[in-house]
Amino acid sequence: MEQKVGQLFICGFHGTTPDEHIRTLIRQYHIGGVVYFRRNIESAAQLAGLSRCLQAINREASQVPLFISIDQEGGMVARLDHEGMSRIPGNMALGAANDPKLAEQVAALAAREMALLGINFNFAPCVDVNNNPANPVIGVRSFGEDPQLVARHATAAIRGYRSQGVIATAKHFPGHGDTDADSHLGLAVVPHGKERLREVELVPFRRAIAAEVDAIMTAHVIFPAFEPDEIPATLSRRVLTELLREELGYRGLIVTDCLEMQAISRHFGVAEGAVRAIAAGADLILVSHTMTEQIAAIRQVCAAVRSGRLSEERIDAAAARILALKAERLGLGGGPKPEKAPELPHPLTPEAESAALLRRCAERSVTLVCEAGNLPLDPAKPVLVVWPELRHRTEVDEPAVHSYTLADALKPLHEQVVLALIGSRPAAAEIAAVLRQSEGFEQIVAVTYTAEGEIDEGQKSLVNALIQARGSRLIVASSRNPYDIRAFPDVGTYLCLYENRPFALQALAGVLTGKLRANGVLPVSLNARYSAGSAGDK
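Residues numbered from 1 in each chain as written. Predicted model: local features only at pLDDT ≥ 70, side-chain atom pairs only at ≥ 80, totals over all residues. Heavy atoms only, no water.

The name an unreviewed UniProt entry gives the chain is Glycoside hydrolase family 3 N-terminal domain-containing protein, with Paenibacillus macerans as the organism.

A.B. asks: Where do I start with the overall build of the chain in this structure?
C.D. replies: Looking only at helices and strands, one finds 18 helices and 18 strands in the chain. For the chain, buried positions account for 60% of its 538 residues. In the structure as shown, the chain presents an accessible area of about 19,600 Å², 49% of it carried by carbon and sulfur atoms. Of the side chains in the chain, 55 bear a positive and 62 a negative charge, and the two mean positions are spaced by 3 Å. (Helix = DSSP H or I, 4+ residues; strand = E, 2+ residues; numbered from the N terminus. Buried < 20%, exposed > 50% of the residue type's maximum accessible area, 1.4 Å probe, protein only. Areas by Shrake-Rupley, 256 points an atom, 1.4 Å probe, with all protein chains shown as cover. Lys, Arg positive; Asp, Glu negative; His and termini not counted. Charge placed at Lys NZ, Arg CZ, Asp CG, Glu CD.)

A.B. asks: Looking at this structure, how should I read the packing of aromatic side chains?
C.D. replies: How two aromatic rings sit relative to each other is given by the distance of their centres and the angle of their planes. Taken as a whole, this structure holds 4 aromatic pairs when the rule is applied. Each ring, one from phenylalanine 67 and one from phenylalanine 121, has its centre 4.9 Å from the other, and the planes form 90°; the classification is edge-to-face. With a gap of 54 residues between them, phenylalanine 67 in strand E3 (residues 67-70) and phenylalanine 121 in strand E6 (residues 121-122) connect regions that are remote in the sequence. Taken individually, phenylalanine 67 and phenylalanine 121 each receive the classification buried, so the pair is uniform in this respect. The ring of phenylalanine 67 is capped by lysine 326, whose NZ or CZ atom sits 4.7 Å from the centre of that ring. (Phe/Tyr/Trp six-rings, centres within 6.5 Å; stacked < 30°, edge-to-face > 60°. Lys NZ or Arg CZ within 6 Å of the ring centre and 35° of its normal.)

A.B. asks: Would you explain the pattern of salt bridges in this entry?
C.D. replies: Oppositely charged side chains are able to pair whenever their charged atoms sit close together. Counted by the stated rule, this structure contains 29 salt bridges. The salt bridge partner of lysine 4 is aspartate 316, with a shortest N-O separation of 2.6 Å. Residue lysine 4 is found in helix H1 (residues 2-7), and its partner aspartate 316 is found in helix H13 (residues 312-329); the two are separated by 312 residues along the sequence. In this structure, lysine 381 and glutamate 442 form a salt bridge, with 2.9 Å as the shortest nitrogen-oxygen distance. Of the two residues, lysine 381 is situated in the loop between strand E13 (367-370) and strand E14 (383-389) and glutamate 442 in the loop between helix H16 (428-437) and strand E16 (443-448); the sequence distance between them amounts to 61 residues. Relative accessible area serves as the criterion here: at 44%, glutamate 442 is assigned to the partly exposed category. Here the residues in one salt-bridge network are Asp71, Glu73, Arg79, Arg141 and Lys171, joined through shared partners. (Salt bridge = Lys/Arg side-chain N within 4 Å of Asp/Glu carboxyl O.)

A.B. asks: Before we go on, may I ask you to explain the side chain of serine 142 in this structure?
C.D. replies: For serine 142, the location among the structural elements is in the loop between E6 and helix H6 (147-163). Given a relative accessible area of 0%, serine 142 falls into the buried group. A polar contact of 2.9 Å, which involves the side chain of serine 142, links it to the backbone oxygen of glycine 144. What serine 142 contacts, discounting residues up to four positions off in sequence, is Asn91, Met92, Asp128, Val129, Asn130 and Val150. (Polar contact = N/O pair within 3.5 Å; in protein donor to acceptor, adjacent residues only side chain to side chain. Contact = heavy atoms within 4.5 Å.)

A.B. asks: Help me out: how do you make sense of the packing of helix H14 (residues 351-365) against helix H18 (residues 502-512) in this one?
C.D. replies: When two helices pack together, their arrangement is given by the angle between the helix axes and by the axis-to-axis distance. With their axes 8 Å apart at the nearest point, H14 and H18 run at an angle of 55° to one another. One element, H14, and the other, H18, form an angle in the oblique class. Remark: the crossing between H14 and H18 carries right-handed chirality. Contact residues: H14 offers Ala355, Leu358, Arg359, Ala362 and Glu363, while H18 offers Phe503, Ala504, Gln506 and Ala507. The residue inventory of the contact of H14 with H18, partitioned by class, reads 6 nonpolar, 1 polar and 2 charged. (Axes fitted to C-alpha atoms, helices over the stretch in contact; angles between N-to-C directions. Parallel < 35°, antiparallel > 145°, perpendicular 65-115°, else oblique. Left-handed = near helix turned anticlockwise from the far one by under 90°. Nonpolar A, V, L, I, M, F, W, Y, C, P; charged D, E, K, R; others polar.)

A.B. asks: When you look at the pairing of E16 in this model, what are you seeing that I'm missing?
C.D. replies: The side chains of a regular strand alternate, first on one face of the sheet and then on the other. Taking burial as the measure, the 6 residues of E16 include 6 buried ones, the bulk of the element. Judged by which residues are buried, E16 turns out to be covered on both faces: Gln443, Val445 and Val447 on one side and Ile444, Ala446 and Thr448 on the other are all buried. By the bridge criterion, 4 bridges tie E14 to E16 in an arrangement that is parallel. Residue pairing for E16: valine 386 is matched across the bridge by alanine 446. By the bridge criterion, 5 bridges tie E16 to strand E17 (residues 474-478) in an arrangement that is parallel. (Pairing = 2+ DSSP bridges.)

A.B. asks: Would you take a moment to explain the domain arrangement of the chain for this structure?
C.D. replies: Accessible area lost upon the coming together of the parts serves often as the stated size of an interface. Per the domain assignment, the segments of the chain are domain 1 (1-330) and domain 2 (366-513). For domain 1 versus domain 2, the distance between C-alpha centres works out to 35 Å. Each partner contributes to the interface: domain 1 provides 26 residues, whereas domain 2 provides 23 residues. Together domain 1 and domain 2 conceal approximately 2,100 Å² of surface at their shared face, both sides included; 55% is due to carbon and sulfur atoms. Its largest share of buried area at the contact with domain 2, domain 1 owes to Met76, Arg87 and Pro133, together 32% of the area lost on that side. In this assembly, domain 1 and domain 2 are joined by 1 salt bridge. With a closest N to O distance of 3.4 Å, arginine 501 and aspartate 81 form a salt bridge. (Domains from an automatic or database assignment. Buried area = accessible area lost by both parts, 1.4 Å probe.)

A.B. asks: Where do I start with the environment of isoleucine 444 in this structure?
C.D. replies: In this fold, isoleucine 444 is placed in strand E16. Taking the C-alpha atoms as reference points, isoleucine 444 and asparagine 135, 309 residues apart in sequence, are found 29 Å from one another. Filtering out sequence-adjacent residues up to four positions away, isoleucine 444 remains in contact with Leu384, Val386, Ser438, Arg470, Arg473, Leu474 and Ile475.

A.B. asks: Please clarify how unusual backbone geometry should be interpreted in this entry.
C.D. replies: Look at the link from phenylalanine 173 to proline 174: it is a cis peptide, with omega at 0°. Structurally, proline 174 is set in the loop between strand E7 (169-173) and strand E8 (188-189). Cis peptide bonds are those with omega within 30 degrees of zero, and the linkage from histidine 346 to proline 347 qualifies with -5°. Of note in this structure, histidine 30 is not a glycine but carries a positive phi near 60°. On the secondary structure map, histidine 30 appears in the loop between helix H2 (20-27) and strand E2 (33-36). In this structure, glutamate 212 takes a positive phi of about 60° despite not being glycine. Within the secondary structure layout, glutamate 212 lies in the loop between helix H8 (203-210) and strand E9 (215-218).

A.B. asks: What is the right way to read the environment of tyrosine 449 from this model?
C.D. replies: Its place among the elements puts tyrosine 449 in the loop between E16 and helix H17 (457-470). Considered as a pair, tyrosine 449 and threonine 169 are 280 residues apart in the sequence and their alpha carbons are 28 Å apart. At 3.0 Å, the side chain of tyrosine 449 forms a polar contact with the side chain of arginine 480.

A.B. asks: Explanation requested: the pairing of E9 in the structure shown.
C.D. replies: Burial along E9 is two-sided: Ala215 and Met217 facing one way and Ile216 and Thr218 facing the other are all buried. As paired elements, E7 and E9 share 4 bridges and run parallel to each other. Considered in E9, the bridge of alanine 170 is made with isoleucine 216. As paired elements, E9 and strand E11 (residues 253-255) share 3 bridges and run parallel to each other. The residue bridging isoleucine 216 from the neighbouring strand is isoleucine 254, located in E11.

Right under this line is the structure:
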């Protein structure tokens, strides 16, 4: 029984080599999988070695291989972002490119590299329908606000992962897109009725199920239409068993989002949450960080079986699904082990092949929303680039702090580029300094970056002050959240970028200088004037 219960857990640890924490969980508690975060990664070679080592430790005690999992959604939620690895675009950029074939190719590229690194289980794609501009946790992780667009791109991504043998996960069931709270920090509620939920939030999940997605991840979100007892979907039998299993006919794995998120840990406790989630119908329990919480959860599930609170049949059903998927995708018992690990290619994907695809995605995604005669930039006049430097991390992203800016992308295309660097949460002194610096410029590009919900007040104040002082000469480009325009409705020229990575910035530079056309289509509605599916006022 302890071995079967252990298979139901995926756990994280904090090292770049196997420490006593993860060794104990594998050897003594028989966990079924490991989850990687940035904290586990130094390089491609190191990570591949870590995966091999974890599987070797596991083979000492078990014929059942580990799930080795990661959140590699792309864009601003990408754990694999190191030298030699492809920096794949995020979902909303792909939604703006509006070509499911690109989504499939990007997923296949990501999966190929994950497989080389020993990763066999990806917690992606995110299939939430982002129809709430104030959503602090989904945003650009979604393909867009149209359920059909999300469904098309999600099923394409699932095909891409499967083509390379990596398990895909549709998340977060039954839908985290219409919330204004972050479940990392507290409980969120989606108050809509059943019919609305079936017409919007559930559409991509139905399509993912039809595409035979291997896993679906739960949302720590309350859905009163399906669960009147005000408990989150992760802990609800009405949601996981009656809705997902019985009504939607899903037969694959149900995996929880991390139970250490405060929506569960603060209100129910991690160990109690694990028991309730399994009782509700979950097969895999994700506990990402803390060893004491991980061990307590495993022990409490075992105790619940011994006391009769959880039936042995419920454990057996979950373990059977896990073993069946491992047998199909990973093999049970394993074959002969290579004497020496094969050399990893560097980069993991030939640079020309990877760059061509990623550049095509970026160039297809840049969206010109409105234009006031500022484009293309006049090559004879200097341009001031106002760039928000990311100096903090969020719960979800763990974003790498890249030194590459829009000014760097523009310099090969424009002779006179000046950079004004601010923080993503600029103080009054920074705002005043930029306003003084902008006085001599006729061409100004202000880049905004919003990580959580609504734009920072400092960025909002700066852009509006620049509009007031410089008028229609100002160009604004959102480098993440397209909804930023709602904070400065008087802007004359506005472009959406969806992420601040080098290929995206190079594509924006091409549009600004007239070398490229802005091809993106809005994946979300920005306001009454600019709706999803439009290409702005070009």
